[in-house]
Amino acid sequence: MSAYKYTDAVKQLQESGAIGLQDFKNLSYEDLSELLEEIKVWCLYANGKLDKLPKESKKKKDKEKNKKKDKKD
């Protein structure tokens, strides 16, 4: 069984609109922290519309961009 990750949590939120405490417990600290920040923004600015919750981690996207940048240099 694979580890529960940010993308799994987002998918669950989009499908059901809820996430359980056990699922929070299974997330890494980094993923949990980022998910909670995204939920705050999502609730404030997207009025809780499920389709507007980011499907991918912004931090992971930034890391990928930085890796590509480093390879070019």
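Nothing here was measured: the structure is a model prediction, and the numbers come from that model.

**A look at the environment of Gly17**
So, point 1. Examined against the element boundaries, Gly17 turns out to sit in the loop between α1 (6-16) and α2 (21-26).
So, point 2. For Gly17, a relative accessible area of 43% puts it in the partly exposed group.
So, point 3. Between the C-alpha atom of Gly17 and that of Lys49, which follows or precedes it by 32 residues, the distance is 9.3 Å.

**What to know about the packing of α1 against helix α3 (residues 29-45)**
So, point 1. Two numbers describe how α1 lies on α3: the axes approach to 10 Å, and their chain directions differ by 35°. Pair α1 / α3 crosses with right-handed handedness. The residues of α3 that touch α1, namely those facing Tyr6, Ala9, Val10 and Leu13, are Asp31, Glu34, Leu35, Glu38 and Ile39.
So, point 2. Of the residues assigned to the contact of α1 with α3, the class counts are six nonpolar, no polar and three charged.

**Description of the pattern of salt bridges**
So, point 1. In the structure shown here, the tally under the stated rule is one salt bridge.
So, point 2. Across the salt bridge formed by Glu37 and Lys40, the nearest N and O atoms sit 3.0 Å from each other. Taken together, the residues Glu37 and Lys40, both in helix α3 and three residues apart, mark about one turn of the helix.
So, point 3. The exposure class of Glu37 is partly exposed, given its relative accessible area of 43%.
So, point 4. Taking relative accessible area as the criterion, Lys40 reaches 48% and is therefore assigned partly exposed.

Rules used throughout
- Residues numbered from 1 in each chain as written.
- Predicted model: local features only at pLDDT ≥ 70, side-chain atom pairs only at ≥ 80, totals over all residues.
- Heavy atoms only, no water.
- Helix = DSSP H or I, 4+ residues; strand = E, 2+ residues; numbered from the N terminus.
- Buried < 20%, exposed > 50% of the residue type's maximum accessible area, 1.4 Å probe, protein only.
- Axes fitted to C-alpha atoms, helices over the stretch in contact; angles between N-to-C directions.
- Left-handed = near helix turned anticlockwise from the far one by under 90°.
- Contact = heavy atoms within 4.5 Å.
- Nonpolar A, V, L, I, M, F, W, Y, C, P; charged D, E, K, R; others polar.
- Salt bridge = Lys/Arg side-chain N within 4 Å of Asp/Glu carboxyl O.

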